Number of protein chains: 2
Amino acid sequence: MNKYRLLTITVAAFSALAAPSFADALKDKKGASEILAASSAEDWVKPDPENTLYIELEGGKRVVVLLAPDLAKAHVAQVKALTRLGFYDGLSFYRVIDGFVAQGGDWTGKKPFGKPAKPSMKSEFDEAPPKDFAFHPLPDEDGYAPQVGFSKSLPVGFDPANNKVWHLHCTGAFAFGREDARDTAAAEFYVALQPQRYLDRNLSVFGRVILGMEHLHALRRVNPPSKEGDDIGEKIVAFRMAADVPEAGRTKLEILKSGTPTFDAYVESKRNRPEAFFYHRPDFVDICQLAVPVRAAP
Amino acid sequence: MNKYRLLTITVAAFSALAAPSFADALKDKKGASEILAASSAEDWVKPDPENTLYIELEGGKRVVVLLAPDLAKAHVAQVKALTRLGFYDGLSFYRVIDGFVAQGGDWTGKKPFGKPAKPSMKSEFDEAPPKDFAFHPLPDEDGYAPQVGFSKSLPVGFDPANNKVWHLHCTGAFAFGREDARDTAAAEFYVALQPQRYLDRNLSVFGRVILGMEHLHALRRVNPPSKEGDDIGEKIVAFRMAADVPEAGRTKLEILKSGTPTFDAYVESKRNRPEAFFYHRPDFVDICQLAVPVRAAP
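Residues numbered from 1 in each chain as written. Chains lettered and ligands numbered in written order. Predicted model: local features only at pLDDT ≥ 70, side-chain atom pairs only at ≥ 80, totals over all residues. Heavy atoms only, no water.

This part is about the overall build of chain A. When helices and strands are counted, chain A shows 6 helices and 15 strands. Relative to the globule expectation of 19 Å for 298 residues, the C-alpha radius of gyration of chain A, 21 Å, shows essentially globular dimensions. Counting only C-alpha atoms and orienting by the principal axes, one finds that chain A spans roughly 65 × 45 × 40 Å. The 298 residues of chain A split such that 54% are buried. In chain A, the proportion of contacts linking residues at least 24 apart, taken out of those at least 6 apart, comes to 72%. Of the accessible surface of chain A, which amounts to about 12700 Å², a share of 54% is contributed by carbon and sulfur atoms. Across chain A, the centroid of the 38 positively charged side chains sits 2 Å from that of the 39 negatively charged ones. (Helix = DSSP H or I, 4+ residues; strand = E, 2+ residues; numbered from the N terminus. Rg over C-alpha atoms; globule rule 2.2 N^0.38 Å. Buried < 20%, exposed > 50% of the residue type's maximum accessible area, 1.4 Å probe, protein only. Contact = heavy atoms within 4.5 Å. Areas by Shrake-Rupley, 256 points an atom, 1.4 Å probe, with all protein chains shown as cover. Lys, Arg positive; Asp, Glu negative; His and termini not counted. Charge placed at Lys NZ, Arg CZ, Asp CG, Glu CD.)

Written as structure tokens, this is what we have:
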């Protein structure tokens, strides 16, 4: 791994020096919080309310999901249709496995849903890039994909040899489950509670939680029920598209745009943290370590 | 990355075939649950009660931490001394940052603790391997370390060129915080809520949560308090060494031994999952994806 050989030399060079030398070497570099504080209004974008999903939980808790139709158009259309049909309202998080996923929907698989939702969908985990695909690769090696990077602030994998692209299972990845057969996803959704990259290209990720992950981490752990009377987990009060919520009730957010000098500086600040606190710097960043910065809209 | 080139060929070869061929190619391989079900009693080890820490929370919730004195002897001695002095009893998780860490102890830094605990300790994040160091490397590339693998079932990094070894910041890593100066750790502890590998070789990890992570994920998120009256988070009822708890009150566990054929088979089942569910297999596993298997003692 060439990257690492370079690093070994760098670390060896640094190791001969006392701790303040790290700070010297990075003295013109800014930490992530400084970079974000110095950003301009143009560095941020307001998520489209038509592609922002609210998962409303009991106690007024809200989870905000940014949907990503570019790479998984049919899945986004499906969850929007189901949301607007009220399908998810009153259902539950019936499979919450620690360190893995929180899955919800209708555990019985019997609740009907009509048009425009579809009874099942073709997979969208291994697609040709859309025409306007703006991919900003990371230079860092990745064990799971030929290339990783960002598309519209979300982490994606890219296989240039086969011209395929897919969303990654980093923490907060929002996806549909399926049966063993590939094209069986319909309505059951899950959120990754931590990175689960081995699920990449096996299940269709089509969004990411950008606010409220702590509510999902706190859900009661529960195994999938198998019969009436089993624990079906905590209740989903409602799924709502932000566009359908009156303006005053919306969560006003902005996310950092990828593919900008500010975003690149943010990534670099995570690759080699300039703060004096650090004694070792890996010259490497795992893409799932790069949570998309989110802030309250000014 | 040689590994990945190999993978590309493998995936390309598979891609030409229909889905059942995956199952054919792996038909003699077992999934993780089958491997663990077929394991023998000798594949498992009971954690030493002298190196097992219970974090007791309100509502009778218990978090079990396996301490690892091999690579961080002074830190383990310190947390045991503080536990037996009752230092942590009644303190709180005062810094719980979503997707990062749950940190606890005495936010004021003023609570006294006497001998045998020390006022501060030398770092133990970059040590020469102990004489009886049994390291079982993973063949998989790692972006953060020259080599990664397992030592007594816990994930460690190894730098053969400089003969240094350290515990990794995977989910559940148990460590002490410090000030900017390297040798300032004393009593404030944290648990990684998800992988934080950039902290490797910067802070002394000396254990891992092996049961009860869900209680830490559910803790109230709270920023570090700065003055009296600020939210200091949820209460720590007590720290107890398992050895000091009457037999009947102990949590009876076993963990899978590393460096055995069963452990290797478990790792391989995560590298290329044989189950028919999977359409893509990465021929790669990130070490933090390998939670140490834990079971109730038979």
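The structure having been displayed, the exposition proceeds.
This brings us to the interface of chain A and chain B. On the side of chain B, 44 residues touch chain A, which itself brings 43 residues to the contact. Where chain A packs against chain B, one counts 0 salt bridges. In this structure, the connection of chain A to chain B is made through 18 residue pairs in polar contact (both at pLDDT 80 or more). Ranked by residues supplied to the side of chain A that touches chain B, first place goes to helix 5 (residues 213-217) of chain A with 3 residues. Residues belonging to the side of chain A that touches chain B are distributed by class as follows: 20 nonpolar, 8 polar and 15 charged. (Salt bridge = Lys/Arg side-chain N within 4 Å of Asp/Glu carboxyl O. Polar contact = N/O pair within 3.5 Å; in protein donor to acceptor, adjacent residues only side chain to side chain. Nonpolar A, V, L, I, M, F, W, Y, C, P; charged D, E, K, R; others polar.)

Attention now goes to the state of the cysteines. Residue and element names in this part refer to chain A. By the definition in use, this model includes 2 disulfides over all chains. Each disulfide pairs two cysteine sulfurs, and for C170 the partner residue is C288, the sulfurs being separated by 2.1 Å. Here C170 and C288 share a disulfide; its torsion about the S-S bond, -80°, makes the bridge left-handed. Separated by 118 residues along the polypeptide, C170 in the loop between strand 9 (164-167) and strand 10 (173-176) and C288 in the loop between helix 6 (261-271) and strand 15 (294-296) bring together distant segments of the chain. Under the relative-accessibility criterion, C170 is labelled buried at 0%. (Disulfide = S-S within 2.5 Å.)

A word on the sheet that holds strand 9 (residues 164-167) of chain B. Residues and elements named next belong to chain B. The sheet built from 4 strands is open, its strands ordered 6-7-8-9 with antiparallel pairing. Each edge of the open sheet is held by one strand with a lone partner, namely strand 6 (136-137) and strand 9. In terms of strand pairing, strand 6 meets strand 7 (residues 147-151) through 2 bridges, oriented antiparallel. Within strand 7, the position partnered with P137 by the bridge is G149. (Pairing = 2+ DSSP bridges.)

Next up on the list: the relation of the copies chain A and chain B. Note on the copies: chain A fits chain B at an RMSD of 0.0 Å, the axial shift is 0.0 Å, and the rotation between them is 180°. Each copy turns onto its partner about a two-fold axis. In terms of C-alpha distance to the rotation axis, chain A has A218 of chain A as its closest residue, with the C-alpha 2.0 Å off the axis. Comparing contact sets, 100% of the residues at the interface of chain A also lie at the interface in chain B, consistent with an isologous, same-surface contact. (Least-squares fit on C-alpha atoms with pLDDT ≥ 70 in both.)

What follows is about helix 6 of chain A. Looking at helix 6 of chain A, one finds that the buried residues are T262, F263, Y266, V267, S269, K270 and R271 of chain A. The secondary structure elements touched by the buried residues of helix 6 of chain A are helix 3 (32-37), strand 7 (147-151) and strand 14 (253-256) of chain A.

So, on to helix 4 (residues 73-84) of chain A. Residues and elements named next belong to chain A. With 12 residues, helix 4 should cover 16 Å at 1.5 Å per step; its first-to-last C-alpha distance of 17 Å lies within 8% of that length. All of the buried residues in helix 4 are H75, V76, Q78, V79, K80, A81, L82 and T83. Residues of helix 4 that are buried make contact with strand 2 (52-57), strand 3 (61-67), strand 10, strand 12 (205-211) and strand 13 (234-241). Where helix 4 ends, the next residue or the one after it, G86, has phi of about 75°, a positive value. (Expected span 1.5 Å × (residues − 1).)

In this section: the sheet that holds strand 12 (residues 205-211) of chain B. Residues and elements named next belong to chain B. The 8 strands are arranged 2-3-12-10-11-5-4-13 in a closed barrel whose pairing can be described as antiparallel. For this sheet the average axis-to-axis angle between neighbouring strands, irrespective of direction, equals 35°. The strands that helix 4 (residues 73-84) touches are strand 2 (52-57), strand 3 (62-67), strand 10 (173-176), strand 12 and strand 13 (234-241); relative to strand 13, the one it contacts most, it runs at about 110°. (Axes fitted to C-alpha atoms, helices over the stretch in contact; angles between N-to-C directions.)

Attention now goes to the packing of aromatic side chains. The geometry of an aromatic ring pair is captured by the separation of the ring centres together with the interplanar angle, meaning the angle of the planes. The tally for this structure, following the rule as stated, stands at 34 aromatic pairs over all chains. Taking 5.6 Å as the distance between ring centres and 15° as the angle between the ring planes, the aromatic pair formed by F133 of chain B and F135 of chain B counts as stacked. Taken as a pair, F133 of chain B and F135 of chain B share a single burial class, namely buried. A network of ring pairs unites the aromatic residues F87, Y88, F93, F113, F174, F176, F189, F206 and F239 of chain A as a single cluster. Looking at R62 of chain A, its charged tip hangs above the ring of Y54 of chain A, at a distance of 3.8 Å from the centre. (Phe/Tyr/Trp six-rings, centres within 6.5 Å; stacked < 30°, edge-to-face > 60°. Lys NZ or Arg CZ within 6 Å of the ring centre and 35° of its normal.)

Our focus in this paragraph is the confidence of the model for chain A. Put simply, chain A has an average pLDDT of 91, and 91% of its residues get 70 or more. Across residues 1-23 of chain A the pLDDT falls below 50, and counting only partners more than four positions away or on other chains, this stretch makes 26 contacts in the model. (pLDDT = per-residue confidence, 0-100.)

Bringing unusual backbone geometry into the picture now. Put simply, K115 of chain A and P116 of chain A share a cis peptide bond, and its omega is 5°. In this model, R201 of chain A sits at a positive phi of 65°, which is unusual for a non-glycine residue. For R201 of chain A, the position within the fold is in the loop between strand 11 (189-192) and strand 12. Take R201 of chain A: its relative accessible area is 9%, and that puts it in the buried class. With phi around 50°, K152 of chain B is a residue other than glycine that occupies positive phi space.

Now for the pattern of salt bridges. All names here are of chain A. Per the stated rule, a full pass over the model turns up 38 salt bridges over all chains. A salt bridge links E268 to K29; the shortest N-O distance between them is 3.9 Å. In this pair, E268 sits in helix 6 while K29 sits in the loop between helix 2 (20-25) and helix 3, placing the two residues 239 residues apart along the sequence. The partly exposed category is assigned to E268, whose relative accessible area is 22%.

Turning to its location among the elements, P139 of chain B is positioned in the loop between strand 6 and strand 7. In this structure the C-alpha to C-alpha distance between P139 of chain B and V285 of chain B, which are 146 residues apart in sequence, comes to 9.3 Å.

Moving on, we get to the pairing of strand 10 of chain B. Residue and element names in this part refer to chain B. Side chains A173 and A175 project from strand 10 onto one buried face, and the interleaved F174 and F176 project onto a second face that is buried too. Bridge count for strand 10 against strand 12 is 3 bridges, and the pairing is antiparallel. Bridging across to strand 12, A173 finds its partner in R208. Sheet topology places strand 10 next to strand 11 (residues 189-192); 3 bridges connect them, and they run antiparallel. Directly across from A175, in strand 11, lies its bridge partner Y190.

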